[in-house]
Amino acid sequence: ILVSKIQQRVLDLVPAGIIVLADMPAHNAEVLAAVAAAHAVLVILTPKSFASSEQLQIIVGCTSDQVCCIPVNTPSFRFPGQDFFEKDIPRRFGQQAELV
């Protein structure tokens, strides 16, 4: 729904177009390549966003590739507490947790 509402306006501003990463298979090298080549990445944050390793990888990919990451908080989104960063991230990403 969001894409259909903003697509024409975005295409007027960005002739290269848009890619909806949610429509691509998870853990796809094309996703990370698209992020690395992007001018900006819009990340829609929902209650389950940080439960998704793929979404976290995209956010990290933006920062490591110096791509503008634009977070959009939905009304139900809440930033995770300190335990998330101290326990969950190291458990999920191991030695790469420092990048997150």
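These lines cover the structure that appears in this document, whether it is placed above or below.

What counts as what
Residues numbered from 1 in each chain as written. Predicted model: local features only at pLDDT ≥ 70, side-chain atom pairs only at ≥ 80, totals over all residues. Heavy atoms only, no water. Axes fitted to C-alpha atoms, helices over the stretch in contact; angles between N-to-C directions. Helix = DSSP H or I, 4+ residues; strand = E, 2+ residues; numbered from the N terminus. Parallel < 35°, antiparallel > 145°, perpendicular 65-115°, else oblique. Contact = heavy atoms within 4.5 Å. Nonpolar A, V, L, I, M, F, W, Y, C, P; charged D, E, K, R; others polar. Phe/Tyr/Trp six-rings, centres within 6.5 Å; stacked < 30°, edge-to-face > 60°. Buried < 20%, exposed > 50% of the residue type's maximum accessible area, 1.4 Å probe, protein only. Left-handed = near helix turned anticlockwise from the far one by under 90°. Pairing = 2+ DSSP bridges. Right-handed = clockwise from strand over helix to strand, strands pointing away.

This paragraph deals with the packing of helix α3 (residues 53-64) against helix α4 (residues 82-93). Here α3 crosses α4 at 100°, and the two axes come no closer than 12 Å. As the angle between them shows, α3 and α4 are arranged roughly perpendicular. Contacts between α3 and α4 pair S53, L56 and Q57 from the former with F84, I89, R92 and F93 from the latter. For the contact of α3 with α4, the residue count by class is four nonpolar, two polar and one charged.

Counted under the stated rule, the structure contains four aromatic pairs. Ring geometry for F50 and F77: centres 5.6 Å apart, planes at 90°, overall edge-to-face. Here F50, found in the loop between β1 (40-45) and α3, pairs with F77, found in the loop between β2 (68-73) and α4; they are 27 residues apart in sequence, far enough to count as distant. Taken individually, F50 and F77 each receive the classification buried, so the pair is uniform in this respect. In textbook terms, an aromatic cluster arises when at least three aromatic residues are bridged by ring pairs, as seen for F50, F77, F79, F84 and F85.

One can describe the packing of helix α2 (residues 29-37) onto α3 by two numbers: an axis separation of 9 Å at closest approach and a directional angle of 35°. α2 and α3 meet at a crossing whose hand is right-handed. Contact with α2, carried on its side by V31, L32 and V35, involves Q57, I58, G61 and C62 of α3 and no other residues of that element. Residues that form the contact of α2 with α3 fall into these classes: five nonpolar, two polar and no charged.

Attention shifts here to the pairing of β2. Note that β1 and β2 share six bridges and pair parallel. Considered in β2, the bridge of A40 is made with C68. Running through α3, the crossover from β1 to the neighbouring parallel element β2 is right-handed.

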